[in-house]
Amino acid sequence: MNVRILADKHLYHAEKMAPTSAELSFFEPANGLPADAADYDALLIRTVSRINSDTLPVAGNLSFIGTATAGFDHVDREHLERIGVRFAHSPGCNARAVAEYVLTAILRWSHIRKQTTEDLRVGVVGCGNTGSAVIDLLSAFEIGYAAYDPPRAISEPHFVSASEDELLSCNILTFHTPLTLAGPHSTFHMLSSSWLRSPFQLIINAARGGVVDERALLDAIHRGTLRDCVLDVWEHEPAFSDTVAQSAFIATPHIAGYSREAKTAATRMVLEQLCEHFSLEMPASAEPAVPDHALPVFSETPELADFLWEINKVDYYDSELRKLKEHPDAVKSDGFNRLRTSTPTRFEYATLIAHFKRHGVKNIPEEAERLIK
Ligand SMILES: NC(=O)c1ccc[n+]([C@@H]2O[C@H](COP(=O)([O-])OP(=O)(O)OC[C@H]3O[C@@H](n4cnc5c(N)ncnc54)[C@H](O)[C@@H]3O)[C@@H](O)[C@H]2O)c1
Ligand SMILES: O=C(O)[C@H](O)[C@H](O)COP(=O)(O)O
């Protein structure tokens, strides 16, 4: 069978990793789903393409849709089941990348705000792939945490969730749940004025816009019960509120999970499921290699927070996003999407540190060893 695949043109390395026997075509997601999408056998998307009964009323030839992402709130899975299309995603593909973003943000914040990490207790909301990776890094740096995930405690008897009271007594909250609009554990506006009655030093949302009520967040900042927030995701993405962005300690355009390792894994995982579905052979794929020019110079050993800030791209995304402020919504949304798709993706810390050592970079902080998995 000649399998015809239609893929988002920004799907990382799709052309290098797709089965050679399949025919691969691309679409520009900014223009919506192409009218002929259902003529293909398989569709590969990212979070920016919504799949539901309006965008894809009938399956046509399609028997497989895969999103090369961990989250799938952009896909109506019940609709796909009704029209007989298999759905696949890439669970855990970017857990480590998001965890490194969160650690970097916490260390940067505590460095600038002059807080010692011993005084921090981080409430991790949602302890699946990403929340667990965050906990691994917090543990590696001896930062206290409370693991809050009541649904997981129900499905996994060995997992004990922190109580809501324990969670709300933390000074930092970081969110790692899916966005769900209904059900007993719905997460829409999970962080609202009710939880924000408790004082917090820092709120981090690298899950989905909508999990955090931005209006309640701003109110808490204005009231002084919340000191700072770090936002990677926004309620009306790709549009974002200037006021919220300007109030944020760090504001980024949904790139917490954007490492080359994560992007490679995301594409690979979804293609493996596609190959299994169509009985195709998956070609061997190589891990991304760091280009030689990416070498920092440290005249003396920096603090870990500065070292990570220097070698990460969070600072770049943050300053570029802020430059979009006060533009009309269409320009901001376009800029937001462009920043996400045209910025060369970062490498994870373990890869970078190994590369620096190989090339004799001096004065790497000793604590950076804890980032090697
Ligand atoms: N910013 C980014 O780049 C980025 C990257 C990856 C994932 N995400 C988002 O983060 C979400 C989580 O990712 P993951 O890979 O860890 O998913 P996952 O499915 O492995 O884990 C999600 C966890 O959240 C828990 N949960 C669900 N409802 C909850 C509730 N009401 N209270 C507490 N816990 C709850 C689940 O029980 C589960 O353990 C994704 O769905 C996606 O939306 C964002
Ligand atoms: O859910 C996910 O995996 C993340 O939000 C992911 O980083 C989104 O990636 P994109 O849709 O931009 O490729």
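Residues numbered from 1 in each chain as written. Chains lettered and ligands numbered in written order. Predicted model: local features only at pLDDT ≥ 70, side-chain atom pairs only at ≥ 80, totals over all residues. Heavy atoms only, no water.

Going by the annotation in an unreviewed UniProt entry, the name recorded for the chain is Erythronate-4-phosphate dehydrogenase, with Rhodohalobacter mucosus given as the source organism. What UniProt records for the chain under Sequence similarities (unreviewed entry) is the sentence "Belongs to the D-isomer specific 2-hydroxyacid dehydrogenase family." (UniProt positions renumbered as here; feature names shortened; annotations may be inferred.)

A. Region of interest: the site of ligand 2. Near ligand 2, the surroundings consist of Arg46, Thr47, Thr69, Ala70, Gly71, Asn94, Arg208, His254, Tyr258, Lys263 and Arg340. A distance of 2.6 Å separates an oxygen atom of ligand 2 from a polar backbone atom of Ala70. In the model, an oxygen atom of ligand 2 is placed 2.5 Å from a nitrogen or oxygen of the His254 side chain. The residue makeup of the shell around ligand 2, split by class, is 2 nonpolar, 5 polar and 4 charged. (Near = heavy atom within 4 Å. Polar contact = N/O pair within 3.5 Å; in protein donor to acceptor, adjacent residues only side chain to side chain. Nonpolar A, V, L, I, M, F, W, Y, C, P; charged D, E, K, R; others polar.)

B. Just the packing of helix α3 (residues 95-112) against helix α4 (residues 129-140), in detail. The contact between α3 and α4 brings their axes to 8 Å, and the two run at 45 degrees. It follows from the interaxial angle that α3 and α4 lie oblique. The hand of the α3/α4 crossing is right-handed. Every residue of α4 that contacts α3 at Ala95, Arg96, Val98, Ala99, Glu100, Val102, Leu103 and Ile106 is listed here: Asn129, Thr130, Ala133, Val134, Leu137 and Leu138. A per-class count over the contact of α3 with α4 returns 10 nonpolar, 2 polar and 2 charged. (Axes fitted to C-alpha atoms, helices over the stretch in contact; angles between N-to-C directions. Helix = DSSP H or I, 4+ residues; strand = E, 2+ residues; numbered from the N terminus. Parallel < 35°, antiparallel > 145°, perpendicular 65-115°, else oblique. Left-handed = near helix turned anticlockwise from the far one by under 90°. Contact = heavy atoms within 4.5 Å.)

C. The nonpolar core, seen in detail. One finds Phe175 and Ile203 to be the most contacted residues of the largest nonpolar core, which totals 87 residues. Among residues more than four places away in sequence, those in contact with Phe175 are Val125, Met190, Leu191, Trp195, Ile203, Ile204, Asn205, Ala206, Ala207, Val211 and Val212. Ala7, Ala18, Cys93 and Ala266 belong to the second-largest nonpolar core, a separate cluster that totals 22 residues. (Core = buried A, V, L, I, M, F, W, Y, C linked by side-chain atoms within 4.5 Å. Buried < 20%, exposed > 50% of the residue type's maximum accessible area, 1.4 Å probe, protein only.)

D. Structural view of the sheet that holds strand β10 (residues 226-231). Read from one edge to the other, the open sheet built from 6 strands follows the order β7-β6-β8-β9-β10-β11, with strand pairing classed as parallel. The sheet is open, and its two borders are formed by β7 (144-148) and β11 (250-251), each paired with just one other strand. Its contacts with the sheet place α4 against β6 (121-125), β7 and β8 (172-175), and it is angled at close to 165 degrees to β6. (Pairing = 2+ DSSP bridges.)

E. Local environment of the UniProt feature "domain: D-isomer specific 2-hydroxyacid dehydrogenase catalytic" (unreviewed entry) in the chain. With numbering aligned to this structure, UniProt lists the feature "domain: D-isomer specific 2-hydroxyacid dehydrogenase catalytic" (unreviewed entry) at residues 31-281. The span residues 31-281 carries 33% helix and 16% strand; its end-to-end C-alpha distance comes to 31 Å.

F. Geometry of the layout of surface pockets. Its volume calculated, the second largest pocket comes out at about 270 Å³. In this structure, the second largest pocket is lined by 15 residues; those nearest its centre are Leu107, Ser110, Thr117, Glu303 and Glu367. Of all the elements in the fold, those that place two or more residues in the lining of the second largest pocket are α3 and α10 (304-311). The biggest single contributor to the lining of the second largest pocket is α3, with 3 residues. (1 Å grid on protein atoms, 1.4 Å probe; cavity = no way out; pocket = protein on both sides within 12 Å on 5 of 7 lines; lining within 4 Å. Points joined across faces, edges and corners; volume = space filled by probe spheres on them.)

G. Fine view of the domain arrangement of the chain. Domain parsing of the chain yields domain 1 (4-89 + 259-278) and domain 2 (95-234). For domain 1 versus domain 2, the separation of C-alpha centres amounts to 30 Å. (Domains from an automatic or database assignment.)

H. Local environment of the packing of α3 against α10. At their nearest, the axes of α3 and α10 sit 9 Å apart, and the two run at 130 degrees to each other. One way to sum up the angle between α3 and α10 is to call them oblique. Both α3 and α10 take part in a crossing whose hand is left-handed. Taken together, the residues of α10 that come into contact with α3 (itself represented by Leu103, Thr104, Leu107, Arg108 and His111) are Leu304, Ala305, Asp306, Leu308 and Trp309.

I. Structural view of helix α11 (residues 314-323). For α11, the set of buried residues is Val314, Tyr317, Asp318, Leu321 and Arg322. Down the axis of α11, the buried side of the element spans an arc of 130 degrees, and every buried residue falls inside it. Buried residues in α11 make contact with α3, α8 (242-247), β11, α10 and α12 (329-342). (Arc of directions from axis to C-beta.)

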